[in-house]
Amino acid sequence: MRRFDMRLPAVVLLDTASEFQTETQNVSARGVFFYLDRMLAPGARIEVTLTFPPHVTLTESVRVRFRARVIRVDRPQPSLRVGTAALIEDYEFLRPNDGPDLLTALQKEWKAAN
């Protein structure tokens, strides 16, 4: 898939208690790449929440939560940051108040029917 170099603030949730602030390096329709200050095991399940700004969406900002699986971990950079590539397995659009919106509800119904 084509990758887009996008430096977007992101929150990575490793489990219910481990949340990390980071920034994406690139994003594609099927994946995301970012740096963390810790190693993750390939195959680890994570959630990544980020906001696409208006200049990307050409409308208003759009928050998206990805459920993803780590597929590659790069050796730490000199700054000890670890490059992490994750395959997006599912996603949902978030409303500004963090509740699911109509689009998300319709998306879930469509997925259930197909």
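Computed from a predicted structure; not experimentally measured.

(A) Spotlight on the overall build of the protein chain. Helix and strand counts for the protein chain come out as two helices and seven strands. Secondary structure of the protein chain in N-to-C order comes out as β-β-β-β-β-α-β-β-α. Counting over 114 residues, the protein chain shows a buried share of 36%. Put simply, of all contacts in the protein chain between residues at least 6 apart along the chain, 45% involve residues at least 24 apart.

(B) Looking closely at the confidence of the model for the protein chain. For the protein chain, the average pLDDT comes to 86, and 85% of its residues sit at 70 or higher. Confidence, expressed as mean pLDDT per element, reaches its minimum in the protein chain at helix 2 (residues 102-113) with 66 and its maximum at strand 6 (residues 62-73) with 95.

(C) Highlighting the side chain of T49. When you line up the elements, T49 lands in strand 5 (residues 45-52). Residues within four places of T49 in sequence aside, it is in contact with P9, A10, V11, R63, V64, R65 and L94.

(D) Structural context of the pattern of salt bridges. Using the criterion set out here, one finds eight salt bridges in the structure. Each of the salt bridges in this network shares a partner with another, and the network as a whole consists of E47, R65, R67, D90 and E92.

(E) Spatial organisation of the packing of aromatic side chains. Applying the stated criterion across every chain, the model contains two aromatic pairs. On the numbers, 5.4 Å between centres and 85 degrees between planes, the contact of F33 with Y35 is edge-to-face. Residues F33 and Y35 agree in their burial class; the two are buried.

(F) Geometry of the pairing of strand 5. The sheet contact formed by strand 2 (residues 9-15) and strand 5 spans four bridges and is antiparallel. Bridging from a neighbouring strand, L13 pairs with E47 of strand 5. Here strand 5 pairs with strand 6 via eight bridges, running antiparallel. Across the sheet, R45 pairs through a bridge with R69, a residue of strand 6.

(G) Quick look at the pairing of strand 3 (residues 18-27). In terms of burial, strand 3 is largely enclosed, as seven of its ten residues are buried. Bridge analysis of strand 1 (residues 4-5) against strand 3 gives two bridges, and the strand direction is antiparallel. When the sheet's bridge partners are listed, D5 is paired in strand 3 with N26. In terms of strand pairing, strand 2 meets strand 3 through six bridges, oriented antiparallel. Residue pairing in the sheet places D15 in a bridge with S18 of strand 3. Pairing analysis gives three bridges linking strand 3 to strand 4 (residues 31-36), with the strands arranged antiparallel.

Conventions used here
Residues numbered from 1 in each chain as written. Predicted model: local features only at pLDDT ≥ 70, side-chain atom pairs only at ≥ 80, totals over all residues. Heavy atoms only, no water. Helix = DSSP H or I, 4+ residues; strand = E, 2+ residues; numbered from the N terminus. Buried < 20%, exposed > 50% of the residue type's maximum accessible area, 1.4 Å probe, protein only. Contact = heavy atoms within 4.5 Å. pLDDT = per-residue confidence, 0-100. Salt bridge = Lys/Arg side-chain N within 4 Å of Asp/Glu carboxyl O. Phe/Tyr/Trp six-rings, centres within 6.5 Å; stacked < 30°, edge-to-face > 60°. Pairing = 2+ DSSP bridges.

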